[in-house]
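# Fold and geometry: a report
Here's the letter readout for the chains.
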Amino acid sequence: MENSRRNEKIRNIAIIAHVDHGKTTLVDAMFKQSGLFRPGQEVDERLMDRLDLERERGITIAAKNCSVRYREVKINIIDTPGHADFSGEVERALSMADGAILLVDASEGPLPQTRFVLRKTLEKGLKIIVVINKIDRRDARVNEVLDEIYDLFIDLDADDRQLDFPCLYAIGRQGIAQRSLEEESDNLEPLFAAILDEIPAPVHDPAAPFQMLVADLGYSDYLGRLAIGRVFNGAVAANDSLVCINERGERLPLKISRLQVYEGMQLQAAAAAGPGEIVVLAGIEAVKIGDTICTREAPKPLKRITVDEPTIAMEFTINTSPLSGQEGSIVQSGRIRERLLRETLQNVAIEFEQTDDRERFIVKGRGEFQMAILIETMRREGFELSVGRPRVIYRQENGTRLEPVENLFIDCSEEFLGVVAEKLSRRKGRLQNLTNNGKGRVRAEFSVPSRALIGYRDEFLTDTRGTGIMNTLFAGYEPYRGDFATRFNGSLVADRQGRAVAYALYHLEPRGRLFIAPGEAVYEGMIIGEHNKENDLNVNPCKEKKLTNLRAAGKDENIVCSPVRKLTLERAINFIRDDEMVEVTPRSIRLHKRLLLARERHQARPPRTA
């Protein structure tokens with residue numbers, strides 16, 4: 001860019017890492033050491049994990065902005081998710097950054113999601129600072145991990161400038177960073193200095209008019225829709241009259257009612273903001289992520305944010321069970337449709353599709369975990385709905401059906417590798433790489449169809465006695481690998497409505513694994529357990545013991561049912577077949593057949609062939 005200048009008063013950085021490598025904890029320490037809090041002030045841990053689901057699961061789901069100040073320079077920090085299912089969050093967050101801090105665990109090293117977020121960062125051409133975190137772990141292997149990071153950069157075709165990255169060593173929990181392993185440090189001063197020295201200040205054209213790319217959306221009860229993004233050129237002031245250029249190239253006039261910037265974790269009103277600043281504009285209603293906001297006199301769009309195509313689709317519909325409306329406050333199809341459309345506005349990786357039936361919708365995304373988070377969020381908002389089994393999205397090229405394929409990375413004990421490899425080979429998986437470090441654990445890499453992983457995680461944890469770790473990375477599309485069975489067992493289906501009785505459940509236990517406990521409400525067509533055999537079985541969970549006036553020893557022994565493992569949303573989604581649905585309410589998760597009545601299911605069966 002000719003005649004370009006840099007705004008040396010600002011740095012914009014994204015923090016990228018695999019799940020649970022310490023991003024949010026490091027940001028906490030940066031807050032505390034930048035003087036954001038007064039001495040002695042009580043501060044919660046993991047401040048950036050503001051959503052209840054993030055705190056419960058210990059992961060970052062949504063990218064969030066904040067800022068700290070160091071040596072009169074404002075450092076805007078974007079905390080990004082580490083899970084590939086939230087790829088849309090990563091891509092829009094990186095659109096606001098000029099550099100990134102890559103955080104890697106000193107023991108685990110670069111993992112699949114590290115590869116994913118790093119690939120996105122290198123594609124943007126951002127400057128990277130590598131921080132090897134948790135060097136105080138007893139099993140830390142810092143030098144080996146650094147070699148693995150270099151190998152990963154080379155494997156991702158990093159250029160010479162990107163390969164020449166500075167490396168720091170940190171203990172994020174204690175707020176310590178150092179330039180070498182031998183150096184003594186008790187603060188994050190080396191990290192702050194590296195950000196100022198290594199991350200380029202935002203560049204802009206001083207002669208260009210105002211341009212801002214919308215990278216996120218928010219909502220305020222007082223201000224309405226909020227547009228969040230980075231100022232690429234020019235300056236903006238409150239009450240300016242501007243235009244918004246949407247994806248169709250239309251110019252929508254708008255007037256800014258309020259201009260805000262990030263100071264720490266809070267938003268503060270500002271009279272004006274210059275190039276490189278991350279701002280929040282109020283007073284804009286018809287705006288979407290990827291739109292450009294610019295002046296009316298010289299409207300010029302910026303390159304839109306692009307995300308990977310969705311690979312998973314799920315059916316959303318109203319709650320069709322007899323218990324509908326008893327636990328949730330929002331049950332109407334129109335409200336569900338409105339909520340899903342609102343999600344597409346805030347999440348560029350989610351797509352919405354209306355079906356011929358106005359009560360059924362198709363939602364497309366990057367993975368079943370992303371879908372589960374959306375459903376869990378909706379149920380906490382008071383929604384009742386039903387969802388179908390996730391299905392992969394196929395492509396057709398030159399008459400060939402292509403399917404999404406994942407690289408699956410397995411870390412487990414040697415003794416479990418056999419059963420894992422056998423199960424994955426049945427699901428059309430192929431072993432690509434195997435590493436045995438001689439310490440009892442092995443790392444294996446498989447190439448598997450995305451549909452093979454739907455419902456596999458629970459099975460994997462059972463097979464490895466809960467000690468296995470699996471991660472996935474989208475690898476692209478390949479020709480369809482053929483059919484395979486996804487579930488070998490049928491369902492135990494209730495044949496009537498009522499309350500489950502201990503006597504009945506006790507006698508059903510030999511038939512399979514139950515999902516319900518005595519006293520729970522059931523209805524015809526509800527799935528109450530997994531059958532031991534491959535066929536479905538209609539059962540009566542409400543059957544009571546026949547009472548007589550005869551007494552005999554051993555007749556009145558106390559009935560004790562086996563403990564029931566609670567059905568979580570992820571387990572429910574993974575368990576169901578194509579002819580089954582998950583009923584989701586604020587208080588319950590139930591499974592049921594699409595056709596609730598037994599006679600309808602019988603009539604819908606395909607005729608037997610001789």
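Scope of this entry: the structure provided in the associated data block. Computed from a prediction, not measured in an experiment: that's the story for all the values here.

Conventions and cut-offs
- Residues numbered from 1 in each chain as written.
- Predicted model: local features only at pLDDT ≥ 70, side-chain atom pairs only at ≥ 80, totals over all residues.
- Heavy atoms only, no water.
- Helix = DSSP H or I, 4+ residues; strand = E, 2+ residues; numbered from the N terminus.
- Buried < 20%, exposed > 50% of the residue type's maximum accessible area, 1.4 Å probe, protein only.
- Contact = heavy atoms within 4.5 Å.
- Areas by Shrake-Rupley, 256 points an atom, 1.4 Å probe, with all protein chains shown as cover.
- Pairing = 2+ DSSP bridges.
- 1 Å grid on protein atoms, 1.4 Å probe; cavity = no way out; pocket = protein on both sides within 12 Å on 5 of 7 lines; lining within 4 Å.
- Points joined across faces, edges and corners; volume = space filled by probe spheres on them.
- Nonpolar A, V, L, I, M, F, W, Y, C, P; charged D, E, K, R; others polar.
- Core = buried A, V, L, I, M, F, W, Y, C linked by side-chain atoms within 4.5 Å.
- Salt bridge = Lys/Arg side-chain N within 4 Å of Asp/Glu carboxyl O.
- Phe/Tyr/Trp six-rings, centres within 6.5 Å; stacked < 30°, edge-to-face > 60°.
- Lys NZ or Arg CZ within 6 Å of the ring centre and 35° of its normal.
- Axes fitted to C-alpha atoms, helices over the stretch in contact; angles between N-to-C directions.
- Parallel < 35°, antiparallel > 145°, perpendicular 65-115°, else oblique.
- Left-handed = near helix turned anticlockwise from the far one by under 90°.

### Side note on the overall build of the chain
Secondary structure summary: the chain contains 14 helices and 37 strands in total. For the chain, buried positions account for 54% of its 610 residues. Sequence-distant contacts in the chain: of pairs separated by 6 or more residues, those separated by 24 or more amount to 71%. Surface exposure of the chain reaches about 29000 Å², of which carbon and sulfur atoms provide 46%.

### Some thoughts on the pairing of strand β2 (residues 10-17)
Counting buried positions over the eight residues of β2 gives eight, a clear majority of the element. Of the two faces of β2, the one carrying I10, N12, A14 and I16 and the one carrying R11, I13, I15 and A17 are both buried. As judged from the six bridges shared by β2 and strand β4 (residues 73-79), these two strands associate in the parallel manner. Residue pairing in the sheet places N12 in a bridge with N76 of β4. Of the strand pairs in this sheet, β2 and strand β5 (residues 99-105) are connected by five bridges, and their pairing is parallel.

### Brief notes about empty space enclosed by the protein
The probe, sized like a water molecule, is rolled over the atoms to show the empty space still left. Across all of its chains, the model carries one cavity of 30 Å³ or more by this definition. A volume near 60 Å³ is recorded for the largest cavity. Lining the largest cavity are K423, R426, R427, E459, A485, T486 and F488. Considering only residue class, the lining of the largest cavity consists of two nonpolar, one polar and four charged.

### Examining the nonpolar core
Membership of the largest hydrophobic core comes to 66 residues, with the highest contact counts inside it found for V130, I132, F153 and I293. Not counting residues within four places of it along the chain, the set of residues in contact with I132 comprises V104, A106, V142, V145, L146, I149, C167, L168, Y169 and A170.

### Focus on the pattern of salt bridges
Two side chains of opposite charge can pair, provided their charged atoms sit close to one another. On inspection of all chains with the given rule, the structure shows 41 salt bridges. Of the charged contacts, one joins K74 and E277 as a salt bridge, the two residues approaching to 3.2 Å between their closest N and O atoms. Pair noted here: K74 is in strand β4 and E277 is in the loop between β17 (272-273) and β18 (278-282), with a separation of 203 residues, a long-range link. Each of the two residues, K74 as well as E277, counts as buried.

### Quick look at the packing of aromatic side chains
A full pass over the atoms with the stated rule returns seven aromatic pairs. Here the aromatic rings of F352 and F361 are separated by 5.6 Å at their centres, their planes lie at 35°, and the arrangement is tilted. Each member of the pair, F352 as well as F361, is classed as buried. The rings of Y150, F153 and F165 are connected pair by pair, giving a single aromatic cluster. One residue, R230, lies across the ring of F232, its end atom 4.8 Å from the ring centre. Between the NZ or CZ atom of R401 and the centre of the ring of Y480, over which it lies, the distance is 3.9 Å.

### Some remarks on the packing of helix α8 (residues 333-346) against helix α9 (residues 368-380)
Viewed as axis vectors pointing N to C, α8 and α9 meet at an angle of 130°, and their least axial separation amounts to 12 Å. Considering the angle they form, α8 stands oblique to α9. Along this stretch, α8 crosses α9, giving a crossing that reads as right-handed. Contacts from I336, R339, L340 and E343 of α8 reach α9 at L374, T377 and M378. Looking at the contact of α8 with α9 residue by residue, the class counts come to four nonpolar, one polar and two charged.

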